[in-house]
Structures are given as C-alpha cells and as structure tokens.
Amino acid sequence: MEKWWQSAIIYQVYLRSFKDANNDGIGDIKGLIGKIDYLEEIGVDTIWVSPHYDSPMDDNGYDIRDFYKVSEDYGTLEDFKELLKEAHERDMKVITDLVLNHTSDEHPWFEAAKDPNHPEHEYYHDFYIWHEPKYEDGKRKRPTRWIGWFGNPAWTYNEATDEYYLHIFSRKMPDLNWRNPEMRKAMKKVIQFWIDLGVDGFRVDATNHLEKNWDFPDGYPGYENFSSLPKHHEYLQELGRELFHPNDLMIIGEAGGATREEALQYAGFDSEEFNMLIHFEHCWVDTDETNTLTPGKWAKGTVDITRLKESFYRWYKVFKDKGWNAIYWHNHDQPRIVSHYGDDETHWERSAKMLACALYLIPGTPIVYYGEEIGMTNVDYENLEDFRDVEVFTEYENFRRNGASHETAMQALRDRSRDSARSPMQWSDAPYAGFSEVKPWIPINSNYETINVERQQQSKSSILSTYKTLLALRAKENLNFADLTFYDISHPQSFNYLSTGEHHEYLVLCNFSEKPLTMEFPLDLQTFDVYYSNVDIGKAERKSEEFAPYEARIYKRKRQ
Ligand code: NOJ
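In this report, we go over the structure that sits alongside the text. All values reported here derive from a predicted model rather than from experimental measurement.

1. A short note on the overall build of the chain
Reasoning step 1: Looking only at helices and strands, the chain features 15 helices and 22 strands.
Reasoning step 2: Across the 560 residues that make up the chain, the buried fraction comes to 61%.
Reasoning step 3: Looking at the chain alone, contacts between residues at least 24 apart form 71% of all its contacts between residues at least 6 apart.
Reasoning step 4: Of the side-chain charges in the chain, 63 are positive and 97 negative, and the distance between the mean point of each set is 3 Å.

Following this line, the structure appears as structure tokens:
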C-alpha cells in the first residue's frame with residue numbers, strides 16, 4: 001500500500017537563514033510560519049526543519065544543549081506547536097532533524113560526565129566515549145591520531161578526569177556511547193517527546209557513525225574506526241522497531257558514503273531502519289584528485305556527467321520494487337547546486353532550470369533545498385571573517401599548512417564550503433533581501449537585488465516558475481512512482497532519461513554543459529509534444545537536434 005511519505009515533496013528549511021520575524025538577524029520559527037503559504041504555492045507538502053533545539057550554535061544547532069527546548073534564537077516550544085498546527089491545517093507535514101551521534105559539550109549529560117565532583121558523574125560518564133592518555137617520552141598524547149570530519153583531531157583532553165573524549169565533529173560535540181543502554185533509553189525518551197508533540201518524522205543525522213571501534217587502534221585519518229561499522233545498524237533497528245515504524249513517521253536517514261550494498265539494509269521495504277536514505281554519492285563528482293593544496297571535497301575539478309548519471313541510475317535500480325529512493329541535489333552541507341554543477345555567471349538562469357529538469361522527473365521522494373527554486377548561488381565571501389562555519393576555520397589552517405596561498409584557500413572555501421549554501425533566503429530586493437530588517441548573522445549574497453523571490457514571482461519564465469511547473473507535474477502524474485530509463489550514460493555532455501508515469505511518458509533531454517551539443521535523440525520524437533523548454537524555442541526548432549549550452553527540453557506523450 002502506498003505510504004504518505006512516498007508521494008511527498010519535501011522542502012528543506014535551514015531555519016537560521018530562512019526568514020527572520022523578530023528582526024534580530026537570525027531566521028526563526030515565526031518567520032517560517034509566515035512563509036508556509038509560499039511553500040504551499042511552490043508545490044511542497046513536507047517541510048524538513050534543520051535543528052531547532054537549544055544549542056550554543058557551534059555547528060548551527062547540530063550541537064544540542066537541551067533536546068527538549070527550542071533555541072531562543074528560533075523561538076519557543078509554543079511557536080513550534082504553532083508551526084505544526086499551521087502546517088497540518090494545510091495538510092502539510094513537518095519533519096525535524098534528529099541528532100543522535102553527539103550532544104553539545106554544554107549538554108547537562110556531558111557537564112556531569114566530565115566532572116568527577118558532579119553528583120551524577122558516574123551515571124553520565126558512560127554516556128560518552130573516553131580514553132586514557134597515551135604517553136610518549138613522558139609527554140601526554142592523544143590516544144589515536146584519528147581526524148574528525150571537520151579536519152581536526154578527534155580527541156580532546158579533559159583535565160578533571162585525566163581522560164580524552166572522542167568527538168568526530170567539533171570539540172564542542174562529544175560523541176555519545178551507543179553501547180550504553182541507559183543512554184539509548186534517554187535518547188528514546190527524547191524521540192518520544194517529539195513524536196507526542198506531533199512531528200511527522202525525522203531526518204536522522206550522521207547515522208552511520210553511531211558505532212566506534214572500541215579497540216581504538218591507531219590510524220590516520222582513521223575513518224574506518226568510527227564510520228559505517230556494522231553494529232550501528234543494530235541501534236537504528238532498535239529505534240525503528242520501537243519508535244519510527246509503529247508511528248508511521250517519515251524517516252530519512254543520513255549516512256554519508258553509504259554503499260549500494262547497504263542500501264536495502266537502511267531503506268528497503270522490509271528494513272527496520274529508515275524509509276529513505278541520504279548518501280551523497282552524486283554530490284562530489286567534480287573533485288580533482290591531483291590537488292594536494294586543498295584536497296578531497298575542497299578540490300574543484302570538472303563535473304563528470306557520466307558518473308552523475310550512473311549514480312542516479314544505480315540507486316534507482318537498487319531500490320526498484322525493494323525499497324524507496326530520495327532524490328536531491330544538495331543540502332546545507334554542499335555548495336549551491338547552480339554554482340556547483342551549473343554556471344552561476346553567463347548561463348545562470350538556463351543552467352538552474354536545466355538542473356531542475358535533470359532531477360525532478362526522476363522517481364523517488366524529492367527534497368528541494370531552500371533557495372534552490374530561485375537559483376541562489378554561492379556567496380563571494382571576501383574575508384575569512386565573513387565565514388561562520390566551524391569547519392571552515394580548521395580547514396583554512398590545513399590548506400595553509402599544505403602550502404596553499406591565502407587566495408587559493410579562500411577560493412576553495414568560496415567554491416566548496418557549507419557557508420556558501422547557508423546565506424539568507426533572498427525574498428526581495430529590499431535591504432537585507434527582505435530576510436530581516438537588521439544585519440543578518442551571516443552576509444547576504446550581493447546578488448540579491450537580481451536574484452530574489454519577489455522578482456521571480458512576477459515572471460512566468462523564471463526559475464521559480466520552472467520549479468512550480470515541474471513540482472506540480474510531479475504531483476499530478478505521481479512521478480515519485482515513475483519508471484526510469486537513462487540513455488547514453490557514457491555520453492560526456494547529455495543527461496537524457498525517460499520518466500514513465502501513470503498516463504504519460506516524459507522524455508527529458510539536457511545539455512549538461514556550457515558547450516553547444518548536437519543531440520542524438522534516444523527515441524523517435526514524432527509521437528512526442530514539447531512539454532517544457534528552458535530556451536525560447538519556436539515551433540520549427542522544437543525538434544531541432546541543436547542544443548544550446550545548458551538547454552533542456554521535456555517531451556511528453558501518452559503511454560502506449
Ligand atoms: C550532518 C549535518 O548535516 C551537518 O551539518 C553536521 O555538521 C553534522 N552532521 C554533524 O551533526
């Protein structure tokens with residue numbers, strides 16, 4: 001039987017940057033409530049809200065101080081209930097982030113855990129992961145050389161207990177000990193609280209890191225010791241059995257780097273874990289392996305279209321009839337898609353529309369990231385001080401240590417940092433882009449006067465109109481359930497596929513490149529009509545094989 005989350009269309013709201021209602025420069029829940037009509041208008045029916053919990057905001061709320069409290073930056077619990085009410089009245093759903101791997105170091109559990117004089121020290125100490133120091137030549141050393149995901153050493157010393165604690169993200173985010181049943185019990189209480197309040201599901205953060213190698217072998221960077229260890233599935237299954245599945249929730253698990261072999265275990269129809277999976281396989285098909293100054297995801301190369309198509313097609317096939325797929329270009333952890341895989345200068349508008357065509361007729365539950373629908377771009381941050389993300393500062397130091405110049409390091413950060421995709425939503429050309437009446441917590445993109453919602457709402461040919469058209473089509477034709485056939489996977493420029501809905505077939509043809517392309521049509525176009533095009537094409541040219549840079553067309557025909 002069809003589940004509600006299968007036909008959903010999700011929009012991710014990065015709360016801090018979406019809309020500031022109380023004019024303190026920070027987006028908030030009331031701001032979001034004021035924009036629900038906008039979300040409804042673009043064709044979204046589920047809102048994913050990034051962490052809204054009380055937090056010192058070392059990692060913008062992924063470092064939680066109190067799971068039961070709403071951050072004062074964002075409002076109150078009453079505001080959150082209001083959000084649920086407003087959404088539910090419109091038949092929309094709300095899912096929240098659920099952060100299981102760590103807490104803030106200011107969480108009362110950690111406050112007790114780190115302090116031997118705390119009355120509950122003994123109980124909470126084992127909520128976290130500790131190790132005694134190593135000594136070399138009489139000098140205190142970290143237990144291992146493991147490096148966390150933000151590029152910093154994964155252990156920090158706690159003098160009061162003479163131990164190191166493990167943190168695979170920032171040092172203000174100590175990792176929880178999932179082997180401890182008491183900790184799991186406490187976490188289940190948290191989850192139950194939000195279910196009882198009425199949330200419709202969760203996007204579960206960093207799920208593949210829950211288990212660690214408790215032998216703590218040395219290694220550099222050592223990821224294999226704290227990521228994707230098989231036992232993390234047991235913890236997820238426990239939550240799935242007891243909380244997620246009995247409550248008919250939408251559960252989207254984030255497991256960066258998850259393999260297709262693991263896919264069904266995470267999100268197969270008979271999985272006890274999630275309903276769908278975020279894996280990011282297609283998110284970095286443009287890295288330059290030869291770059292040693294700003295290596296890894298920071299090394300910008302050319303987009304490998306073949307790998308991109310392969311990735312989408314294989315994940316589709318893995319889940320076909322056996323599980324459920326989520327489709328997305330990006331989120332708050334990757335650069336803006338039009339800057340990343342499109343062209344944010346000469347072909348900004350056309351490439352943003354092409355990217356929409358390339359993704360949004362693929363089956364699965366789609367996730368639109370805020371601002372994507374108006375083609376928001378990466379930000380031209382001028383100075384290091386303009387950035388906010390904790391990860392940026394450790395990585396900047398790493399790049400400089402590798403020998404990168406200040407400018408090379410800055411360019412890598414502009415191109416690839418998470419802050420590039422976290423600037424305030426561009427609502428209008430009013431001061432501060434209509435996001436707030438005061439200076440926002442992070443700089444506004446200087447292009448807000450030309451790229452903004454208000455302007456695009458007035459034009460039938462805007463990127464926003466394309467999103468509305470495609471999302472409406474998706475809902476009407478139930479394309480979340482479509483069948484998919486990709487063509488010419490090995491072609492380095494085209495991105496062509498057929499999406500077969502209940503009544504119609506849609507042939508999507510994209511020139512995924514800044515060069516013109518003579519398209520080889522995979523099917524005879526005689527029986528198709530043009531449904532959509534991102535260039536102004538006259539009747540005669542509708543079946544022309546000549547595709548301009550980033551041109552995309554969608555052809556439609558009745559199912560035979
Ligand atoms: C994944 C989240 O998407 C990211 O923003 C965060 O920094 C880490 N998990 C740690 O919670």
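Okay, back to it.
2. Looking at the packing of helix α7 (residues 232-244) against helix α8 (residues 260-267)
Reasoning step 1: One way to put it is that α7 packs onto α8 with a least axis distance of 11 Å and a crossing angle of 25°. Accordingly, the angle class assigned to the pair α7 and α8 is roughly parallel. Each of His 232, His 233 and Leu 236 in α7 lies in contact with α8, whose residues at this interface are Glu 262, Gln 265 and Tyr 266.

3. Notes on the site of the ligand
Reasoning step 1: Taken together, 13 residues are adjacent to the ligand, and Asp 59, Arg 203, Asp 205, His 332 and Asp 333 come closest.
Reasoning step 2: Between the ligand and Arg 203, the relevant distance is 2.9 Å, taken from an oxygen atom to a side-chain nitrogen or oxygen of the residue.
Reasoning step 3: One of the side-chain nitrogen or oxygen atoms of His 332 is found 2.8 Å away from an oxygen atom of the ligand.
Reasoning step 4: Partitioned by chemical class, the residues of the shell around the ligand number 4 nonpolar, 2 polar and 7 charged.

4. Re the sheet that holds strand β9 (residues 155-158)
Reasoning step 1: Here 3 strands make up an open sheet; going across it, the order is β6-β10-β9 and the pairing antiparallel. Two strands in the sheet have a free side with no partner beyond their single neighbour: β6 (130-131) and β9.
Reasoning step 2: Across 4 bridges, the pairing between β9 and strand β10 (residues 163-166) is antiparallel. Bridging across to β10, Thr 156 finds its partner in Tyr 165.

5. Let's talk about the packing of aromatic side chains
Reasoning step 1: Counted by the stated rule, this structure contains 49 aromatic pairs.
Reasoning step 2: Ring plane angle 85° and centroid distance 6.1 Å describe the contact between Phe 495 and Tyr 497, whose orientation is recorded as edge-to-face. When sorted by exposure, Phe 495 lands in the same class as Tyr 497, which is buried.
Reasoning step 3: Every member of this aromatic cluster is reached through a ring pair, and the members are Tyr 53, Phe 67, Tyr 68, Phe 80, Trp 109, Tyr 123, Tyr 124, Phe 127, Phe 193 and Trp 194.
Reasoning step 4: Stacked on the ring of Trp 441, the Lys or Arg Arg 16 has its end atom at 5.0 Å from the ring centre.
Reasoning step 5: Above the ring of Trp 298, the side-chain terminus of Lys 297 is found at 4.7 Å from the ring centroid.

6. Section: the nonpolar core
Reasoning step 1: Tyr 11, Leu 39 and Phe 202 are the most contacted members of the largest nonpolar core, which has 153 residues in total.
Reasoning step 2: Considering every element that reaches this core, the biggest residue donor is helix α11 (residues 348-360), with 9 residues.
Reasoning step 3: In this structure, Trp 5, Cys 283, Trp 284 and Ile 367 belong to the second largest nonpolar core, which totals 17 residues.

7. Points about the pairing of strand β15 (residues 365-369)
Reasoning step 1: Counting buried residues along β15, 5 of its 5 residues qualify, which places the element largely inside the surrounding structure.
Reasoning step 2: Burial of β15 is two-sided: the residues Thr 365, Ile 367 and Tyr 369 facing one way and the residues Pro 366 and Val 368 facing the other way are all buried.
Reasoning step 3: Both strand β1 (residues 10-13) and β15 contribute to a ladder of 3 bridges, which runs parallel. What sits directly across from Tyr 11, in β15, is Val 368.
Reasoning step 4: Two elements, strand β14 (residues 326-328) and β15, share 3 bridges in a ladder whose sense is parallel. If you follow Ile 327 over to β15, its bridge partner there is Pro 366.

8. Re the side chain of Asn 534
Reasoning step 1: Within the fold, Asn 534 resides in the loop between β20 (529-533) and β21 (546-547).
Reasoning step 2: Among the polar contacts made by the side chain of Asn 534, one reaches the main-chain carbonyl oxygen of Arg 350 at a distance of 3.1 Å.
Reasoning step 3: In terms of polar contacts, Asn 534 uses its side chain to reach the backbone carbonyl oxygen of Tyr 550, at 2.8 Å.
Reasoning step 4: Among all residues touching Asn 534, those that are not within four sequence positions of it are Arg 350, Lys 353, Met 354, Tyr 550, Glu 551 and Ala 552.

Rules used in this analysis
The numbers attached to residues start from 1 for each chain and follow its sequence in the written order. Under the rules for a predicted model, residues below a pLDDT of 70 receive no local features and side-chain atom pairs below 80 are neither given nor counted, while totals for whole chains, interfaces and linings still include all residues. Hydrogens and water molecules were not included; the side-chain quantities draw on all heavy atoms of the structure. Strands are runs of DSSP state E lasting at least two residues, helices are runs of H or I lasting at least four, and both sets are numbered from the N terminus onward. For every residue, the accessible area (1.4 Å probe, protein chains only) is compared with the maximum for its type, and the residue is labelled buried under 20%, exposed over 50%, or partly exposed between those bounds. The contact rule is simple, with two residues in contact once any of their heavy atoms fall within 4.5 Å. Under the convention used here, Asp and Glu are negative, Lys and Arg are positive, and both His and the chain ends fall outside the count. Charged groups are reduced to one reference atom each: NZ for lysine, CZ for arginine, CG for aspartic acid, CD for glutamic acid. Orientation is described by axes fitted as lines to C-alpha atoms, over the contacting stretch for helices, and by angles from 0 to 180 degrees between their N-to-C directions. The labels follow the angle: roughly parallel below 35 degrees, roughly antiparallel above 145, roughly perpendicular from 65 to 115, and oblique for the rest. Consider each residue's heavy atoms; a residue with any of them within 4 Å of a molecule or strand counts as near. For this analysis, a polar contact is any N or O atom pair within 3.5 Å, provided that within protein one partner can donate a hydrogen and the other can accept it, and provided that sequence-adjacent residues contribute only side-chain to side-chain pairs. Gly is put with the polar residues, along with every residue not named as nonpolar or charged; the nonpolar set is Ala, Val, Leu, Ile, Met, Phe, Trp, Tyr, Cys and Pro, and the charged set is Asp, Glu, Lys and Arg. At least two bridges found by DSSP between two strands is the condition for calling them paired. Whether two aromatic rings pair depends on their centres lying within 6.5 Å, for rings of Phe, Tyr and Trp, where Trp uses its six-membered ring; planes under 30 degrees apart make the pair stacked, over 60 edge-to-face, and the rest tilted. We count a charge as sitting over a ring when the NZ of a lysine or the CZ of an arginine lies within 6 Å of the ring centre and within 35 degrees of the ring normal. In this description, a nonpolar core means a group of buried Ala, Val, Leu, Ile, Met, Phe, Trp, Tyr and Cys residues linked to one another through side-chain atoms lying within 4.5 Å.

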